[in-house]
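Each chain, letter by letter, is given below.
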Amino acid sequence: MWELWNYQDLRKDIAATSRLKKRAGSVNLVNDLQQIKDTSAQQQPVYSKVDKTNRTRGISDNKRDERQYERSKKIAKKPTFPKRQEATITPIHKERSKPKSFKLPTRLKDLLKEDGSND
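As the structure is a computational prediction, the values presented were derived from the model and not from experiment.

## A few points about a positive patch on the surface
Together, K63, R67, R71, K74 and K77 line one region of the surface with positive charge. Residue R71 is classed as partly exposed on the basis of its relative accessible area of 46%.

Listed below in C-alpha coordinates is the structure:
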(Lines give C-alpha, C1' and ligand atoms only; values in the text may rest on other atoms or scores of the structure.)
Protein backbone atom coordinates (compact mmCIF):
# COMPACT_ATOMS: atom_id res chain seq x y z
CA MET A 1 0.00 0.00 0.00
CA TRP A 2 2.88 2.29 0.74
CA GLU A 3 4.06 1.78 -2.77
CA LEU A 4 0.74 2.89 -4.18
CA TRP A 5 0.77 6.04 -2.08
CA ASN A 6 4.35 6.80 -3.10
CA TYR A 7 3.42 6.29 -6.73
CA GLN A 8 0.40 8.66 -6.40
CA ASP A 9 2.54 11.28 -4.62
CA LEU A 10 5.10 11.03 -7.41
CA ARG A 11 2.39 11.54 -10.07
CA LYS A 12 1.02 14.56 -8.18
CA ASP A 13 4.51 16.07 -7.93
CA ILE A 14 5.10 15.57 -11.66
CA ALA A 15 1.72 17.14 -12.53
CA ALA A 16 2.39 20.11 -10.22
CA THR A 17 5.86 20.74 -11.64
CA SER A 18 4.54 20.57 -15.21
CA ARG A 19 1.81 23.11 -14.33
CA LEU A 20 4.43 25.39 -12.76
CA LYS A 21 6.65 25.11 -15.82
CA LYS A 22 3.67 25.89 -18.06
CA ARG A 23 2.82 28.99 -16.04
CA ALA A 24 6.44 30.05 -15.93
CA GLY A 25 6.65 29.63 -19.70
CA SER A 26 3.58 31.77 -20.28
CA VAL A 27 4.88 34.42 -17.89
CA ASN A 28 8.21 34.36 -19.71
CA LEU A 29 6.39 34.70 -23.02
CA VAL A 30 4.51 37.75 -21.75
CA ASN A 31 7.78 39.21 -20.43
CA ASP A 32 9.53 38.50 -23.73
CA LEU A 33 6.75 40.19 -25.71
CA GLN A 34 6.84 43.21 -23.41
CA GLN A 35 10.61 43.43 -23.79
CA ILE A 36 10.33 43.26 -27.60
CA LYS A 37 7.70 46.01 -27.53
CA ASP A 38 9.88 48.22 -25.33
CA THR A 39 13.00 47.81 -27.46
CA SER A 40 11.11 48.49 -30.68
CA ALA A 41 9.57 51.63 -29.15
CA GLN A 42 13.04 52.82 -28.14
CA GLN A 43 14.40 52.24 -31.63
CA GLN A 44 11.63 54.27 -33.30
CA PRO A 45 12.62 57.90 -33.89
CA VAL A 46 10.60 60.48 -32.01
CA TYR A 47 9.01 63.01 -34.36
CA SER A 48 7.64 66.37 -33.38
CA LYS A 49 4.73 67.97 -35.22
CA VAL A 50 7.11 69.98 -37.38
CA ASP A 51 9.02 66.86 -38.35
CA LYS A 52 5.79 65.05 -39.18
CA THR A 53 4.59 67.90 -41.40
CA ASN A 54 7.95 68.01 -43.15
CA ARG A 55 7.80 64.27 -43.73
CA THR A 56 4.27 64.45 -45.14
CA ARG A 57 5.26 67.41 -47.30
CA GLY A 58 8.22 65.40 -48.55
CA ILE A 59 5.94 62.47 -49.30
CA SER A 60 3.58 64.74 -51.24
CA ASP A 61 6.49 66.20 -53.21
CA ASN A 62 7.75 62.72 -53.94
CA LYS A 63 4.32 61.61 -55.17
CA ARG A 64 4.04 64.68 -57.39
CA ASP A 65 7.51 64.09 -58.84
CA GLU A 66 6.68 60.44 -59.46
CA ARG A 67 3.45 61.34 -61.29
CA GLN A 68 5.34 63.85 -63.42
CA TYR A 69 7.97 61.22 -64.21
CA GLU A 70 5.26 58.75 -65.29
CA ARG A 71 3.66 61.39 -67.50
CA SER A 72 6.98 62.17 -69.15
CA LYS A 73 7.55 58.47 -69.77
CA LYS A 74 4.13 58.21 -71.46
CA ILE A 75 4.90 61.24 -73.61
CA ALA A 76 8.27 59.80 -74.58
CA LYS A 77 6.62 56.55 -75.71
CA LYS A 78 4.26 58.31 -78.15
CA PRO A 79 5.42 58.03 -81.77
CA THR A 80 6.65 61.26 -83.25
CA PHE A 81 5.87 62.10 -86.82
CA PRO A 82 8.28 64.16 -88.91
CA LYS A 83 7.28 67.78 -89.32
CA ARG A 84 5.96 68.81 -92.68
CA GLN A 85 8.46 70.65 -94.76
CA GLU A 86 7.33 73.55 -96.83
CA ALA A 87 7.44 72.88 -100.52
CA THR A 88 9.87 74.98 -102.49
CA ILE A 89 8.19 76.48 -105.52
CA THR A 90 10.23 77.43 -108.52
CA PRO A 91 8.39 79.90 -110.75
CA ILE A 92 8.33 79.06 -114.42
CA HIS A 93 7.77 82.57 -115.70
CA LYS A 94 9.88 85.53 -114.84
CA GLU A 95 8.36 87.60 -112.07
CA ARG A 96 7.35 91.10 -112.93
CA SER A 97 8.76 93.74 -110.69
CA LYS A 98 5.57 95.75 -110.55
CA PRO A 99 2.28 94.99 -112.19
CA LYS A 100 1.33 97.57 -114.79
CA SER A 101 -1.43 99.89 -113.70
CA PHE A 102 -4.19 100.75 -116.11
CA LYS A 103 -5.72 103.46 -113.96
CA LEU A 104 -6.39 106.77 -115.52
CA PRO A 105 -4.70 109.74 -113.90
CA THR A 106 -7.07 111.83 -111.83
CA ARG A 107 -5.24 115.10 -112.13
CA LEU A 108 -4.19 116.98 -115.17
CA LYS A 109 -0.73 117.43 -113.74
CA ASP A 110 -0.21 113.68 -113.62
CA LEU A 111 -1.33 113.45 -117.21
CA LEU A 112 1.04 116.16 -118.33
CA LYS A 113 3.96 114.65 -116.44
CA GLU A 114 4.43 111.98 -119.02
CA ASP A 115 4.16 114.44 -121.84
CA GLY A 116 6.49 116.99 -120.25
CA SER A 117 9.54 115.42 -121.84
CA ASN A 118 8.17 116.13 -125.36
CA ASP A 119 8.03 119.96 -124.91
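## Quick look at a nonpolar patch on the surface
A grouping of M1, W2, L4, W5 and Y7 is seen on the molecular surface, where their side chains present a nonpolar patch of about 660 Å² in accessible area. Its place among the elements puts L4 in helix α1 (residues 2–43). We classify L4 as partly exposed; its relative accessible area is 44%.

## Examining the pattern of salt bridges
Inspection of every chain in the model, using the stated rule, returns 2 salt bridges. For the salt bridge of D61 with R64, the shortest nitrogen-to-oxygen distance reads 2.5 Å. Linking D61 with R64, this pair stays in helix α2 (residues 49–77), spanning 3 residues, or about one helical turn. The partner of E70 in a salt bridge is K73, and the shortest N-O contact between them spans 3.8 Å. Of the two residues, E70 and K73 are both situated in helix α2; the distance of 3 residues between them amounts to about one turn of the helix. The exposure class of K73 is partly exposed, given its relative accessible area of 33%.

Quick notes on the rules
Residues numbered from 1 in each chain as written. Predicted model: local features only at pLDDT ≥ 70, side-chain atom pairs only at ≥ 80, totals over all residues. Heavy atoms only, no water. Patch = residues over 30% accessible without salt bridge, like charges linked within 9 Å, V, L, I, M, F, W, Y side chains within 5 Å. Areas by Shrake-Rupley, 256 points an atom, 1.4 Å probe, with all protein chains shown as cover. Salt bridge = Lys/Arg side-chain N within 4 Å of Asp/Glu carboxyl O. Lys, Arg positive; Asp, Glu negative; His and termini not counted. Charge placed at Lys NZ, Arg CZ, Asp CG, Glu CD. Buried < 20%, exposed > 50% of the residue type's maximum accessible area, 1.4 Å probe, protein only. Helix = DSSP H or I, 4+ residues; strand = E, 2+ residues; numbered from the N terminus.

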